[in-house]
Amino acid sequence: MHELSVCMELIDQVEAIARTHNAERVETIVLQIGSLAGVEPSLLENAFEIARLGTVAEHAELRTERVEPRIRCQVCSHEADAGPSDLRCPACGGTDTALIAGEEMILARVELLQPAD
Amino acid sequence: MCDTCGCNITEGNRHLLRADGSHAKVTAVSVLNKLLQHNDDQAQANRALLDSHGVLTINLMSSPGSGKTSLLEATIKALKGALRIAVIEGDLETENDAARIRALGVEAHQITTGTACHLDAHLVAKVLPQLELEHLDVLFIENVGNLVCPASFDLGHHLNLTLLSVTEGDDKPAKYPVMFRAADAMLLSKTDLLTVLEEFSPERAEACLRNLASKAPVIRVSAKTGEGMQEWLGWLYQRLEHYREMRRENLSLRPAVQSEGRKLHGLAQPELRFKPVSKLETV
């Protein structure tokens, strides 16, 4: 599974942020994962258990927020939630729609423990 | 989604950017960065290198055993003397596929990924310097046979070609929407077997693809009998011509699904990365 590759990049980014902010350690990592991102949150959490070892994020909690697909119809401009394998417009039935949410794979927030002043 | 213009900030996450002004020990940093940024940066560098030589690069994806290498063999034979082709092969193990391509007199590089289920931009970047790009028209990258992972990694290619063989279920596009949504063209392969596989309906396969809001053409091919090869090669020539027109204006091509994301989110410069805020709850 490619979730471990994604996690390695995640750890690289988190380590860079921790360095920038002179953090002692990372407390929490918040991700936003669209259901059309091709990444499974539960597998990502398993991979994170491995990827975080020996890093500043070793004791961090990983939280994933799921983002469901949402479409905008290019014909009738209707916006609606959609299922992952049915992105048709529920108003006019058309297949000419744009995906406006649901393929995010985003590092949204990191909570850092910094040394006391 | 992009991480450059602030489009990642939605009603759902806007609260993360608000600071409460206290001096808690724990600091929350709002990032809104793409998780695969590192891969995507390398992919962009790969694309720039390929563009500097005008090499149209096509990423082939499908399940294992759906006929990617056979399609490439038939394509190479049909285009001999007309287009200059090279192939990058991705597999977990063995050089078998590269050997099949080399037997036809075409340069082929095998990437063995070990246990990794997909190619990524860094693996491709290691191979590109070994190719004589200045002598190529088209580069095919045969990805690891897998309908899940390869779709998430930009390699720096220009087009995605997804194969669905008629020995599989015709509802595969509904079952693997991430992969099939990424296709610039869907090839139904092994169509010579349709006569004995009545349960596979090409119409149903296409309907499943259209439900993903895809406009990609569906082309029926048999590498064995040559059925549909003219249509597939016609599409290839048409895309090559389009790519060359883009290059004349110093532009490039991206797979349709990536361009859609960029169009939606614009290309503004980042303002909000690493904006520090204090944690809302006390620790």
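Calculation rules
Residues numbered from 1 in each chain as written. Chains lettered and ligands numbered in written order. Predicted model: local features only at pLDDT ≥ 70, side-chain atom pairs only at ≥ 80, totals over all residues. Heavy atoms only, no water. Helix = DSSP H or I, 4+ residues; strand = E, 2+ residues; numbered from the N terminus. Areas by Shrake-Rupley, 256 points an atom, 1.4 Å probe, with all protein chains shown as cover. Buried < 20%, exposed > 50% of the residue type's maximum accessible area, 1.4 Å probe, protein only. Contact = heavy atoms within 4.5 Å. Axes fitted to C-alpha atoms, helices over the stretch in contact; angles between N-to-C directions. Parallel < 35°, antiparallel > 145°, perpendicular 65-115°, else oblique. Nonpolar A, V, L, I, M, F, W, Y, C, P; charged D, E, K, R; others polar. Patch = residues over 30% accessible without salt bridge, like charges linked within 9 Å, V, L, I, M, F, W, Y side chains within 5 Å. Salt bridge = Lys/Arg side-chain N within 4 Å of Asp/Glu carboxyl O. Pairing = 2+ DSSP bridges. Right-handed = clockwise from strand over helix to strand, strands pointing away. Phe/Tyr/Trp six-rings, centres within 6.5 Å; stacked < 30°, edge-to-face > 60°. pLDDT = per-residue confidence, 0-100. Buried area = accessible area lost by both parts, 1.4 Å probe. Expected span 1.5 Å × (residues − 1).

Comments concerning the overall build of chain B
When its secondary structure is counted, chain B shows 9 helices and 9 strands. Accessible surface for chain B amounts to roughly 12,200 Å². Of this, 52% is attributable to carbon and sulfur atoms.

Digging into the side chain of Asn 143 of chain B
All names here are of chain B. Looking at where Asn 143 falls in the secondary structure, it is placed in the loop between β5 (138-142) and β6 (159-165). Assessed through its relative accessible area of 0%, Asn 143 is described here as buried. For Asn 143, the residues in contact, after removing those within four places along its chain, are Asn 59, Leu 60, Met 61, Lys 68, Gly 90, His 118, Leu 119, Pro 150 and Leu 155.

Overview of the packing of helix α1 (residues 3-20) of chain A against helix α1 (residues 37-52) of chain B
Contact geometry of α1 of chain A with α1 of chain B gives a least axis separation of 8 Å together with a crossing angle of 100 degrees. In terms of orientation, α1 of chain A and α1 of chain B fall into the roughly perpendicular class. Between α1 of chain A and α1 of chain B, the residues in contact are Glu 9, Asp 12 and Gln 13 of chain A and Gln 37, His 38 and Asn 39 of chain B, respectively. Among the residues making up the contact of α1 of chain A with α1 of chain B, the classes are represented as no nonpolar, 4 polar and 2 charged.

A short note on a nonpolar patch on the surface
All names here are of chain A. Together, Leu 4, Met 8 and Ile 50 make up an exposed nonpolar region whose accessible area comes to about 280 Å². In this structure, Leu 4 sits in helix α1. Looking at Leu 4, the relative accessible area reads 35%, which means it is partly exposed.

Observations regarding the environment of Leu 83 of chain B
Residue position: Leu 83 of chain B is located in the loop between α2 (68-79) and β3 (85-91). Apart from residues no more than four positions distant in its own chain, Leu 83 of chain B is found in contact with Asp 137, Val 138, Tyr 237 and Leu 240 of chain B.

Quick notes on the sheet that holds strand β4 (residues 79-81) of chain A
Residue and element names in this part refer to chain A. Strands sit in the order β4-β3-β5 across an open sheet of 3 strands; the sheet is antiparallel. In this open sheet, the two strands that pair with only one neighbour each are β4 and β5 (97-101). With direction set aside, neighbouring strand axes in the sheet form an average angle of 30 degrees. Across 4 bridges, the pairing between strand β3 (residues 70-73) and β5 is antiparallel. Looking across to β5, one finds that Arg 70 is bridged to Ala 101.

Focus on the pairing of β3 of chain B
Residues and elements named next belong to chain B. With 7 of 7 residues buried, β3 is to be regarded as a mostly interior element. Alternating positions in β3 separate into two faces, Ile 85, Val 87, Glu 89 and Asp 91 on one and Ala 86, Ile 88 and Gly 90 on the other, with burial throughout. With 5 bridges joining them, β3 and β5 adopt parallel strand pairing. Across the sheet, residue Ile 85 finds its bridge partner in β5, namely Val 138. Where β3 and strand β4 (residues 107-112) come together, 6 bridges link them in parallel fashion. Opposite Glu 89, over in β4, you have Gln 110 as the bridge partner. You can see the chain leave β3, run along helix α3 (residues 96-102) and come back into β4, and the turn it takes is right-handed.

What about the packing of aromatic side chains?
Residue and element names in this part refer to chain B. Applying the stated criterion to the full structure yields 2 aromatic pairs over all chains. Between Phe 140 and Trp 232 the ring centres are 6.4 Å apart and the planes differ by 50 degrees, which places this aromatic pair in the tilted class. Separated by 92 residues along the polypeptide, Phe 140 in strand β5 and Trp 232 in helix α8 (residues 229-248) bring together distant segments of the chain. Trp 232 sits in the buried class, given a relative accessible area of 0%. Members of the aromatic cluster, each reached through a chain of ring pairs, are Phe 140, Trp 232 and Trp 235.

Re the confidence of the model for chain B
When pLDDT is averaged along chain B, the result is 86, and 83% of the positions lie at 70 or above. Across residues 17-24 of chain B, confidence stays below pLDDT 50; counting only partners more than four residues off in sequence or on other chains, it has 13 contacts.

Side note on the interface of chain A and chain B
Listed by partner, the interface residues are 42 residues for chain A and 40 residues for chain B. Here chain A meets chain B over a buried area of about 3,900 Å², counting both sides, of which 60% is carbon and sulfur. Together, His 2, Glu 9 and Arg 109 of chain A form the three largest contributors to the area buried by chain A at its contact with chain B, with a combined 15%. Where chain A touches chain B, the interface holds 2 salt bridges.

Focus: the packing of α2 of chain B against α8 of chain B
Residue and element names in this part refer to chain B. Following both chains from N to C, one finds α2 and α8 inclined at 75 degrees, their axes separated by 11 Å at the closest point. Relative to α8, α2 is oriented roughly perpendicular. Here Leu 71, Ala 74, Thr 75, Ala 78 and Leu 79 of α2 come into contact with α8, specifically with Met 229, Trp 232, Leu 233, Leu 236 and Tyr 237. Here the contact of α2 with α8 is composed, by residue class, of 9 nonpolar, 1 polar and no charged.

Considering α1 of chain B
Spacing of three or four residues puts side chains on the same side of an α-helix, whose turn is 3.6 residues. All names here are of chain B. The first and last C-alpha atoms of α1 sit 23 Å apart over 16 residues, in line with the 22 Å expected at 1.5 Å per residue. Along α1, the positions that sit buried rather than exposed are Gln 37, Asn 39, Asp 40, Ala 43, Asn 46, Arg 47, Leu 50 and Asp 51. Just beyond α1, the residue with positive phi is Gly 54, at close to 65 degrees.

Concerning the environment of Thr 115 of chain B
Residue and element names in this part refer to chain B. In this structure, Thr 115 sits in the loop between β4 and α4 (121-127). In this structure Thr 115 comes out as exposed when scored by relative accessible area, which is 76%. Along the chain, Thr 115 and Glu 93 lie 22 residues apart, while their C-alpha atoms are 8.5 Å from each other.

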